[in-house]
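Here is how the chains run, residue by residue.
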Amino acid sequence: MYTSNMKTLNEQMIRIAKEHGHNADFNSSGGVDVFISYTDSRTGQHGYERFPVNNLHQLKIALGY
């Protein structure tokens, strides 16, 4: 039974990514894009790497577990 306080898998993955300090949002292919920030050690430039994830296993890998 679905109730309004239950979350979809994508909503849960976004919440988990944000709890780990990363940005995340729905993507056009039906999954979630997780954006992980980095700093280039040589140049000092900051950027984001995008990891498209479709399940909890891929999210775990993107988060480095």
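Use the structure listed above.
Our subject in this report is the structure included herewith. Keep in mind that what you see is a predicted model, and the values were worked out from it rather than measured.

About the thresholds
- Residues numbered from 1 in each chain as written.
- Predicted model: local features only at pLDDT ≥ 70, side-chain atom pairs only at ≥ 80, totals over all residues.
- Heavy atoms only, no water.
- Helix = DSSP H or I, 4+ residues; strand = E, 2+ residues; numbered from the N terminus.
- Rg over C-alpha atoms; globule rule 2.2 N^0.38 Å.
- Buried < 20%, exposed > 50% of the residue type's maximum accessible area, 1.4 Å probe, protein only.
- Contact = heavy atoms within 4.5 Å.
- Pairing = 2+ DSSP bridges.
- Axes fitted to C-alpha atoms, helices over the stretch in contact; angles between N-to-C directions.

## Observations concerning the overall build of the protein chain
And step 1. If you tally the helices and strands in the protein chain, you get 2 helices and 3 strands.
And step 2. Going from N to C terminus, the protein chain has its helices and strands arranged as α-β-β-β-α.
And step 3. The C-alpha atoms of the protein chain give a radius of gyration of 14 Å, which is well past the 11 Å a tight globule of 65 residues would have.
And step 4. Reported as C-alpha extents along the three principal axes, the dimensions of the protein chain are approximately 55 × 25 × 20 Å.
And step 5. Relative to its 65 residues, the protein chain shows a buried fraction of 26%.

## Here we look at the environment of Gln45
And step 1. Along the chain, Gln45 falls in the loop between strand S2 (32–39) and strand S3 (46–53).
And step 2. A relative accessible area of 55% means that Gln45 is categorised as exposed.
And step 3. Leaving out residues up to four positions away in the same chain, Gln45 has contacts with Tyr38, Thr39 and Asp40.

## Here's the deal with the sheet that holds strand S1 (residues 23–26)
And step 1. On the basis of which strands lie adjacent, the open sheet formed by 3 strands has the order S1-S2-S3 and antiparallel pairing. What marks the edges here is a single partner per strand, and that holds for S1 and S3. Looking at each pair of strands side by side, their axes are set apart by 25° on average, direction ignored.
And step 2. By the bridge criterion, 8 bridges tie S2 to S3 in an arrangement that is antiparallel.

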